[in-house]
Amino acid sequence: MATEVSTEVSTTTATQPETKRRKFSSIPPRTIAPFTDNQPPVKLLYPLSNYAFAPKTINQYQAHIAKESETEANLLKNGKIYKQKTFKSDQIPNNNLYFKNLKNYNDLYGTRRYLQFLILVAGEKEPIVMIFKDKSDKFLIPGGYLNHDESETDGAKRILKELFDDGEDAEEEEITMGETVGRWWRTDLKPNVYPYLPRHVTRPKELIKVNLVNLPKNKKFKFPEYFKNFHPYILVDLYDSSEPELKAIPSFLSRFSFGCINDKGEITNEITQEEFKY
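Rules used throughout
Residues numbered from 1 in each chain as written. Predicted model: local features only at pLDDT ≥ 70, side-chain atom pairs only at ≥ 80, totals over all residues. Heavy atoms only, no water. Salt bridge = Lys/Arg side-chain N within 4 Å of Asp/Glu carboxyl O. Helix = DSSP H or I, 4+ residues; strand = E, 2+ residues; numbered from the N terminus. Buried < 20%, exposed > 50% of the residue type's maximum accessible area, 1.4 Å probe, protein only. Pairing = 2+ DSSP bridges. Phe/Tyr/Trp six-rings, centres within 6.5 Å; stacked < 30°, edge-to-face > 60°. Lys NZ or Arg CZ within 6 Å of the ring centre and 35° of its normal. Core = buried A, V, L, I, M, F, W, Y, C linked by side-chain atoms within 4.5 Å. Contact = heavy atoms within 4.5 Å.

By the naming in an unreviewed UniProt entry, the chain goes by Cleavage and polyadenylation specificity factor subunit 5 and is assigned to Wickerhamomyces anomalus.

Following this line, the structure appears as structure tokens:
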């Protein structure tokens, strides 16, 4: 299981994750020959201390619902019962309301599209992934589903705002959707998902895409009420998770190299495109 951080949500900046004690070799690393052909550029990550996480207030929540009411009304089709429900528990995968809503969508429009977002920040010489928990203590990768007539770009922009913005700071730089790093198929109205579409399945219920997000240097995250708190994890601890979607994250990210920037603006893990050390 992944190592859990006991830090509860607050308006202060996050703390480094607690991890299993690991022994580090005292032998200096050796340089190996260049081995970076056809590899994406190094991604620079800003330190965890640059970001703050806090739940949306009741007033922020009510204001957002009022703003979205007209959009929701437009989604009702000929008296059908399907309706996009922003900030409701049907956005949380694998509960009864989620599957009921998914079935309604499937009956009307076919396969539903769902976007998940990986929030990566710099830890001490290694990347950190921010994983959320709901009120039943289930681990969640933040995300949301697209409307049937919504483009992926427009849907991603809407979902990211619903997940992490409160609309109070108009000058704050927005976060945007980055590269797709993985996909999951939901073949039935059950929790199980698969990294491939079996040949005998002709009507999959849901296609889930896992994307990185492009973060500004600083950000105050205001997340919805259905998230209980957040937990920072290093990749090695996620790889030990018993949950397939969490366990797969290190594999999804293995094609990238990350440069971790500390509070002084220095890259601490000494990884470049030209040279890797072990």
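Now, onward.
Just checking my understanding: could you explain the pattern of salt bridges for this structure?
Between side chains of opposite charge, a pair can form when the charged atoms approach closely. For the structure on display, the rule yields nine salt bridges. Residue Asp 165 pairs with Lys 219 through a salt bridge whose shortest N-O separation is 2.4 Å. With Asp 165 in the loop between helix H3 (152-164) and strand S7 (176-186) and Lys 219 in strand S9 (residues 219-223), the pair connects residues that are 54 residues apart, well separated along the chain. Exposure remark for Lys 219: the relative accessible area of 2% places this residue in the buried category. Linked by salt bridges that have partners in common, Arg 112, Arg 186 and Glu 206 make up one network.

Would you take a moment to explain the pairing of strand S3 (residues 112-122) for this structure?
Two faces make up the sheet, and in a regular strand the side chains alternate between them. Burial runs high along S3: 10 of the 11 residues are buried. Pairing of S3 with strand S8 (residues 206-214) involves seven bridges; the strand directions are parallel. Note on S8: the bridge partner recorded for Arg 112 is Glu 206. Bridge count between S3 and strand S6 (residues 143-145): three bridges; the pairing is antiparallel. For Gln 116, the partnering residue across the bridge sits in S6 and is Gly 143. Summarising the sheet, S3 and strand S4 (residues 127-134) pair through four bridges and their orientation is antiparallel.

I would appreciate a short explanation of the packing of aromatic side chains in the present structure.
The relative placement of two aromatic rings is captured by the distance of their centres and the angle of their planes. Counting across every chain of the model gives 14 aromatic pairs. A cation sits over an aromatic face here: Arg 112 above Tyr 105, 5.9 Å from the ring centre. The ring of Tyr 239 has Lys 247 sitting right over it, with the charged end atom 4.5 Å from the ring centre.

Looking at this structure, I do not really get the nonpolar core. What am I missing?
As a rule of thumb, nonpolar side chains are buried together in soluble globular proteins. In this structure, Leu 118, Val 129, Ile 131, Val 181, Leu 238, Ile 249 and Leu 253 are the most contacted members of the largest nonpolar core, which totals 30 residues. In terms of residue count, the dominant contributor to this core is S3 (four residues). For Val 181, the residues in contact, after removing those within four places along its chain, are Leu 118, Val 210, Leu 212, Phe 252, Leu 253 and Phe 256. Tyr 51, Val 121, Met 130 and Ala 156 belong to the second-largest nonpolar core, a separate cluster that totals 26 residues.

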